[in-house]
Amino acid sequence: MRSPRIQDLRPSRLSANVLAVMAGVGSAVLLMVRLFVPRPVGVADNYDGPRLMCHLGVDVRLPRGMPRLRDYVIVRYDHIQHFSCRQEYLGSIRLPDVPYRSSQLVLLYAGRAVTRVLGLPGYLDLRAVGLVCCVLIGAAVGLLFRFVQLRYRYRVVLCGAVLVVVADTVFIDYAVSPFSEIASIVGLLWVVVGVVMLTAPGRRVRLAGLAVVGVSGLFFATAKTQNFPGVAPLAVVVLATPLAMPTRRLGRRLGGVDRRLRYRLAGLLTVLVLGVGAVAVSGNEDRRTARMTGANFVTVTLLPTSAHPERDLAELGAPAWLADYAGAPPWCAPTALQNGAAYKQFTKKLSHKQIMRFFLNHPGRLLPVLDRVAGYFYVPRATATLCQQTPAGKRMMVTPLLANYTKIGHTPRGLLDRRWTPVTDAVESLRGSGLGTLVVLWAVPVGAVVGTRRRRGMRGVGAVVGVVVTVAVAQFVASAFADGIDTAKHLNLAVFATALGWVFAAVELVVVAFGRRKQQSGAGAGRSDTRRGAKAESEPVELGTAATEGPAA
């Protein structure tokens with residue numbers, strides 16, 4: 001009597017669609033339990049949230065005796081009549097000049113609707129936003145289970161591993177927060193689903209995948225300004241995939257067009273929509289904010305890597321007193337210095353082109369800067385940026401971690417969520433290893449997929465790993481030069497994309513390893529099912545190359 005195998009555990013009477021629904025619903029429920037049991041968790045505000053929340057015209061309700069927002073997660077927001085982002089203050093918080101425009105607003109408005117349906121207190125309850133995010137992530141996992149071209153046992157492993165990553169505190173806790181990091185996570189997951197569908201067999205599935213990539217890619221690219229470079233790898237995958245016209249009539253009308261162009265016309269239109277939408281939504285930084293961002297980069301990131309900071313400041317046209325605040329933002333300096341003519345002239349002339357010109361003149365300075373920024377990658381928890389007085393009378397930058405719990409009873413201030421941190425612990429174990437280790441983290445999954453695939457086309461696992469790793473690299477570089485403060489928070493997507501790359505590459509290695517072992521054992525025993533022209537029972541099915549949409553039973 002043969003022993004039972006894993007694939008025998010699949011309910012043979014349930015269709016693939018039913019199993020996908022079960023996987024999606026189960027994933028959403030598990031994430032809800034992770035977020036709300038035994039009590040809600042989230043990410044506290046660092047006084048940056050009002051730039052996004054002001055679009056809803058809401059104000060926070062601070063518990064009594066709580067002097068700082070970052071100490072506790074605030075879930076209740078009340079509506080203010082006739083309030084808009086044009087106001088200078090939201091409650092006791094002074095708003096920056098320009099509010100954020102982000103696809104996170106879609107999740108916030110959906111959370112507002114769920115707040116009303118569930119009868120939660122206040123105009124908007126962030127716990128309702130958390131429920132919306134769990135449903136969207138669960139739906140993405142369900143679609144991944146349905147369309148990834150692997151046997152069912154490997155589908156379970158893959159989706160389970162993705163869920164393990166998403167449930168880490170540095171990712172899912174953002175679902176209950178006033179930040180847009182969760183929109184990046186949701187958008188990238190749906191982008192992965194779209195890429196899997198785009199490389200799957202079947203014209204309808206591929207066209208549906210193109211639509212998913214287009215919508216989710218636009219949602220992803222507009223979540224944060226640093227996500228904009230992520231459009232490039234999506235464009236490569238979309239343009240590399242030939243697609244027939246949605247209807248035969250349209251195909252006949254375009255019969256005179258070159259065949260190669262005709263089969264990529266839908267992809268070209270999708271890329272065009274992605275680029276225009278991302279530019280229209282993401283490009284909302286005013287001059288004053290751009291100047292402040294550039295000055296932060298110079299003092300916080302560039303000067304600490306310099307052996308002669310005064311020389312660098314002179315080349316950039318900055319006042320010499322900024323050398324005293326190397327490693328800290330310029331607003332740590334006294335107001336009189338910030339209002340001086342020399343500093344105002346410096347920020348007025350500072351631009352991305354000037355910084356780029358500086359690195360072209362000093363190419364050896366680029367790697368030390370990237371190595372310094374890589375240090376933030378290994379500390380993925382969100383922080384606030386503050387200035388603290390030193391014994392010498394100067395002010396330095398400090399970055400306290402943002403709390404993860406609401407204020408209930410005698411909850412300590414700044415309490416962190418440490419219940420499920422597999423990615424956090426793995427990344428923090430590499431702290432201090434610098435840029436070299438980070439390059440290895442990106443190269444290993446790419447090398448693993450390339451080394452195990454006989455076909456080098458952009459398809460299946462190769463396409464997914466290529467997209468997420470490229471997104472991680474692009475987002476890391478964009479965050480490195482985008483701002484010098486809250487860099488660990490800005491690199492959240494890079495950490496998430498890197499983790500996804502490792503998950504997909506690891507599952508691919510498992511599929512190949514078990515397939516080869518089964519083939520070797522079958523050949524040694526002289527089994528008849530390994531004869532020429534027949535596939536072994538456990539041979540892996542390549543993503544995007546299977547002959548049918550469903551898996552083998």
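For the structure itself, consult the block above.
Just so we're clear, the structure is a prediction, and the values are computed from it rather than from any experiment. Each chain carries its own residue numbering, running from 1 in the written order of its sequence. Given that this is a predicted model, residues contribute local features only at a pLDDT of at least 70 and side-chain atom pairs are listed and counted only at 80 or more, while totals for whole chains, interfaces and linings are drawn from all residues. Hydrogens and waters are ignored; side-chain quantities use all the structure's heavy atoms.

Caption draft 1: Main features of the packing of helix 3 (residues 104–118) against helix 4 (residues 126–147). Remark: helix 3 packs on helix 4, axes separated minimally by 7 Å, with the N-to-C direction vectors making an angle of 115 degrees. When the interaxial angle is binned, helix 3 and helix 4 end up roughly perpendicular. The interaxial crossing formed by helix 3 with helix 4 has right-handed handedness. On helix 4, the residues that touch Gln 104, Leu 107, Leu 108, Ala 110, Gly 111, Val 114, Thr 115 and Leu 118 of helix 3 are Leu 126, Ala 128, Val 129, Leu 131, Val 132, Cys 133 and Leu 136. Under the scheme applied, nonpolar residues are Ala, Val, Leu, Ile, Met, Phe, Trp, Tyr, Cys and Pro; charged residues are Asp, Glu, Lys and Arg; polar residues are all the others, including Gly. Of the residues assigned to the contact of helix 3 with helix 4, the class counts are twelve nonpolar, three polar and no charged. The angle between two axes is taken between their N-to-C directions and runs from 0 to 180 degrees, where each axis is a line fitted to C-alpha atoms and a helix contributes only its stretch in contact. Strands are runs of DSSP state E lasting at least two residues, helices are runs of H or I lasting at least four, and both sets are numbered from the N terminus onward. Working definition: roughly parallel below 35 degrees, roughly antiparallel above 145 degrees, roughly perpendicular at 65 to 115 degrees, and oblique for all remaining angles. Should the near helix be turned counterclockwise from the far one by less than a right angle, the crossing is left-handed, whereas a clockwise turn marks it as right-handed. Contacts: residue pairs with any heavy atoms within 4.5 Å of one another.

Caption draft 2: How the structure looks around the state of the cysteines. In this description, the term disulfide denotes a pair of cysteine sulfurs within 2.5 Å. For the structure on display, the rule yields one disulfide. With a sulfur-sulfur separation of 1.7 Å, Cys 332 is cross-linked through a disulfide to Cys 387. One disulfide, between Cys 332 and Cys 387, carries an S-S torsion of -80 degrees and so falls in the left-handed class. Of this pair, Cys 332 sits in the loop between helix 14 (309–316) and helix 15 (335–338) while Cys 387 is found in strand 6 (residues 386–389), placing the two residues 55 residues apart along the sequence. Partly exposed describes any residue whose relative accessible area lies between the buried limit of under 20% and the exposed limit of over 50%, with all areas from a 1.4 Å probe on protein chains only and scaled to the type maximum. The buried category is assigned to Cys 332, whose relative accessible area is 0%. Overall, the relative accessible area of 18% leaves Cys 387 in the buried class.

Caption draft 3: Just the sheet that holds strand 2 (residues 76–79), in detail. In this scheme, strands are said to pair when DSSP sees at least two bridges between them. Spatially, three strands are ordered 1-2-5 in an open sheet, and the strand pairing comes out antiparallel. Only two strands of the sheet have a single partner each, and these edge strands are strand 1 (58–60) and strand 5 (124–125). Inspection of the sheet shows strand 1 paired to strand 2 by three bridges, in the antiparallel sense. For Val 58, the partnering residue across the bridge sits in strand 2 and is His 79.

Caption draft 4: Spotlight on the side chain of Ser 479. Considering the arrangement of structural elements, one finds Ser 479 in helix 21 (residues 460–482). Take Ser 479: its relative accessible area is 0%, and that puts it in the buried class. In this structure, Ser 479 is in contact with Gln 226, Thr 487, His 490 and Leu 491, ignoring residues within four places of it in sequence.

Caption draft 5: View of the environment of Pro 380. With respect to the helices and strands, the residue Pro 380 is situated in the loop between helix 18 (366–377) and strand 6. C-alpha separation for the pair Pro 380 and Lys 489, spaced 109 residues apart in sequence, amounts to 6.7 Å. Apart from the residues within four sequence positions on either side, Pro 380 is in contact with Val 170, Thr 424, Val 427, Glu 428, Ala 488, Asn 492 and Val 495.

Caption draft 6: How the structure looks around the packing of helix 7 (residues 181–198) against helix 8 (residues 203–221). Between helix 7 and helix 8, the least distance of the axes is 7 Å, while the angle of their chain directions is 160 degrees. As summarised for this structure, helix 7 and helix 8 are arranged roughly antiparallel, according to the angle between their axes. The handedness of the crossing between helix 7 and helix 8 is left-handed. Between helix 7, through Ala 183, Ser 184, Val 186, Gly 187, Leu 188, Trp 190, Val 191, Gly 194, Val 195, Met 197 and Leu 198, and helix 8, the contact on the second element is made entirely by Val 205, Arg 206, Ala 208, Gly 209, Leu 210, Val 212, Val 213, Ser 216, Gly 217, Phe 219 and Phe 220. Residue composition of the contact of helix 7 with helix 8, grouped by class: 15 nonpolar, six polar and one charged.

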